[in-house]
Amino acid sequence: MSELKNDTGSNTTHPPEGDATTAPSETGSSAGWRITPEQLAKGLGWFSIALGVAELVAPRATAEATGVRYGKNLLQAYGVREIATGIGLLTTRDPQPWLWARVAGDAMDLATLATDLGSGNEKRRHTALSMLAVLGVTALDVYAADAARREAKAAAAPPPRDYSDRVGMALSPDQMRGTARDAMAVSADMQVPSALRPYTLH
Amino acid sequence: MKALCWHGKKDIRYDTVPDPKIEHPRDAIIRMTSCAICGSDLHLFDGFMPGMLKGDVMGHEFMGEVMEVGPGNKKLKVGDKVVVPFTICCGECEQCRRGNFSVCETTNPNKDMAEKLFGQTTAGLFGYTHLTGGYAGGQAEFVRVPFADVAPVKIPAGLADEQVLFLGDIFPTGWQAAMACDIQPDDTVAVWGAGPVGQFAIRSAVMLGAKQVVAIDRVPERLSMAKAGGAITINFEEESVLARLKQLTKGKGPEKCIDAVGMESHATRGLDGLYDRAKQAVMLETDRPHVLREMIYVCRPAGILSIPGVYGGYVDKIPMGALMNKGLTVRTGQTHVNRWTDDLLQRIVDGQVDPGFVITHTASLEQGPEMYKTFRDKHDGCIKVVLKP
């Protein structure tokens, strides 16, 4: 077996800074409104703490609002869990395990709510709506965990190879521009119908 | 002999297979000296193209030395160094006489199969499904070249394999894609996909005189190489393709759009990418046409869509209303390789172009199976793999 090699040659040239060809778009970029995985994880951390405090401090009001009939001890225990997860998310450098912990917590919440959907519960409509809300939050948690995983993977990847010296032409692109226009004449079937030409020229 | 053989989805093996023999007086046997993995080989690797059988020899980008020539072949002689175009053509049928070599009416022995899928037959291709003839491919130590008195390109002494290997496919493919755009001096040419074909399309568009060329991809290495070739780059994971193209064309859209991606396009935004993946997963759609949709939407009215990217079957939700009302011209097809090889070989000899710029990895044929994965996953900055026997 011959040795595997990467033909990167001497491609150590760095692209010139401030080159117009890679300048970020002012109108096209969506970076202004995009939420980063870190921001999303922190947001979910604060959400966890807020929900946890509500469950811990006002378990009866929370039960009323969500349509569950369990005792205050269970809700308070869930509140402690939410606060712990929230603190974990706000303090960690790697939010992935905490986000997956939130997903597991969501599963517990859904299982708990599901046991309360029976006909004996007068507020089961409330309970069903709560389950829908938890499902939505679960989707967000899974998305955030996956985004954090992808970001960690990208950060761990080696820096991209620099092929900025691979011109492939004898001179610079600007110097080569139009040097093969003579070739166009030989393929009439590749040319735009003459009726369309004036438009395409201007 | 040894060869890379298809054994199923994501299963390429380095196998021992029978040596090829002269089967027709016009045949030649080539000892492969260099071959490459093409992006369209990945469609077979990923199981998106129908018509493959276990044990089929892969590969349609190859060159080598003539080892044996059939008695009816007056063009080649033993010892000639040749690049073999991926399209097999007879040189005599009506389409070949018109220069439409990739739709040769003679060289596909499985015409019935092709006619069922495509309506009419197209040319036989090396190593590219039984729909196109089931010919053994060039990722092998030896290759039988049918109709070898027509397509093979004799290479003058003094040129390295790396300079001329891509005359067999990706250089003419990128060139034809740009030629099909009928580039005018004021044109903006947008190229989706900065893989090997996209890289050649970029350089071809520059040499044919486009005012600006824009490359759209998400792989930093590809964008780096595209920029080296003169393209303005758009990373579609970081910014809106539509908004940036509008910005670069004063709101009007590019006059010419090239799809150098084909059936396995990726989309990070919008619902159509998810929609295509779901439909593909349940076999309600064979190809993912995100790039086609985007090109139709952004192309300037009366512009041209040039499609060298390979599609295999059926696509969904193509905005025909936009295509029709904007009066767009669509040009596509496998490459008529021999139409361009004389001119492009001369440009290589003259030193205008060195196609070897695109090679990022060289390995042995035996390492082919792992290089398929490296190439597909774009690991290690991989853009183009050349294999040696």
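Residues numbered from 1 in each chain as written. Chains lettered and ligands numbered in written order. Predicted model: local features only at pLDDT ≥ 70, side-chain atom pairs only at ≥ 80, totals over all residues. Heavy atoms only, no water.

Enquirer: Where do I start with the pairing of strand S13 (residues 231-235) of chain B in this structure?
Expert: The side chains of a regular strand alternate between both faces of the sheet. Most of S13(B) sits inside the fold, with five of its five residues counted as buried. By the alternation rule, side chains of S13(B) split into B:Ala231, B:Thr233 and B:Asn235 and B:Ile232 and B:Ile234, which are all buried. (Buried < 20%, exposed > 50% of the residue type's maximum accessible area, 1.4 Å probe, protein only. Helix = DSSP H or I, 4+ residues; strand = E, 2+ residues; numbered from the N terminus.)

Enquirer: Explanation requested: the sheet that holds strand S1 (residues 2-6) of chain B in the structure shown.
Expert: Whenever strands of a sheet pair, they do so through backbone hydrogen bonds, lying parallel or antiparallel. All names here are of chain B. The strand order across the open sheet built from three strands is S2-S1-S4, with neighbouring strands paired in antiparallel fashion. The open sheet has two edge strands, strand S2 (12-16) and strand S4 (56-57), and neither has a second partner. Helix-sheet contacts for helix H13 (residues 368-377) involve S1 and S2, and the interaxial angle to S2 is about 160°. (Pairing = 2+ DSSP bridges. Contact = heavy atoms within 4.5 Å. Axes fitted to C-alpha atoms, helices over the stretch in contact; angles between N-to-C directions.)

Enquirer: Any chance you could explain the pattern of salt bridges here in plain terms?
Expert: Any two side chains of opposite charge can pair, on the condition that their charged atoms come close. Tallying each qualifying case throughout the model produces 34 salt bridges over all chains. A salt bridge links B:Asp46 to B:Lys10, with the nearest nitrogen and oxygen atoms 3.3 Å apart. Note that B:Asp46 is positioned in the loop between helix H1 (39-45) and S4 and B:Lys10 in the loop between S1 and S2, a separation of 36 residues in sequence. Taking the relative accessible area as the measure of exposure, B:Asp46 reaches 8% and is therefore buried. A salt bridge links B:Glu94 to B:Arg98; the nearest nitrogen and oxygen atoms lie 3.0 Å apart. Within this structure, A:Arg81, A:Glu82, A:Arg102, A:Asp109 and A:Asp141 form a network of salt bridges that share partners. (Salt bridge = Lys/Arg side-chain N within 4 Å of Asp/Glu carboxyl O.)

Enquirer: Sorry if this is basic, but what is going on with the packing of aromatic side chains here?
Expert: Two descriptors summarise a pair of aromatic rings, namely the distance from one centre to the other and the angle between the planes of the rings. Residue and element names in this part refer to chain B. Applying the stated criterion across every chain, the model contains six aromatic pairs over all chains. On the numbers, 6.4 Å between centres and 55° between planes, the contact of Phe-126 with Tyr-135 is tilted. Both residues of the pair, Phe-126 and Tyr-135, belong to the buried class. By the ring-pair criterion, three or more aromatic residues cluster together here, those being Phe-166, Phe-171, Phe-200 and Phe-357. (Phe/Tyr/Trp six-rings, centres within 6.5 Å; stacked < 30°, edge-to-face > 60°.)

Enquirer: Explain the nonpolar core to me, please; I cannot follow it from the model alone.
Expert: Grouped burial of nonpolar side chains is what soluble globular proteins tend to show. Residues and elements named next belong to chain B. One finds Val-164, Phe-166, Leu-167 and Leu-208 to be the most contacted residues of the largest nonpolar core, which totals 56 residues. Listing elements by their share of this core, those giving two or more residues are helix H5 (170-179), strand S11 (188-192), helix H6 (196-207), strand S12 (212-217), helix H7 (220-228) and helix H12 (337-349). Per-element accounting of this core gives the leading share, seven residues, to H6. Aside from chain neighbours lying at most four places away, what touches Phe-166 is Ala-36, Glu-61, Phe-171, Pro-172, Phe-200, Pro-355, Val-358, Ile-359, Lys-384 and Val-386. (Core = buried A, V, L, I, M, F, W, Y, C linked by side-chain atoms within 4.5 Å.)

Enquirer: What exactly am I supposed to notice about the environment of B:Lys154 here?
Expert: All names here are of chain B. Here Lys-154 is to be found in strand S10 (residues 153-154). Take Lys-154: its relative accessible area is 39%, and that puts it in the partly exposed class. C-alpha of Lys-154 to C-alpha of Tyr-135: the two residues are 19 residues apart in sequence and 21 Å apart in space. What Lys-154 contacts, discounting residues up to four positions off in sequence, is Lys-75, Leu-76, Asp-80, Lys-81, Val-82 and Leu-345. A distance of 2.8 Å separates a polar atom in the side chain of Lys-154 from the backbone oxygen of Lys-75. (Polar contact = N/O pair within 3.5 Å; in protein donor to acceptor, adjacent residues only side chain to side chain.)

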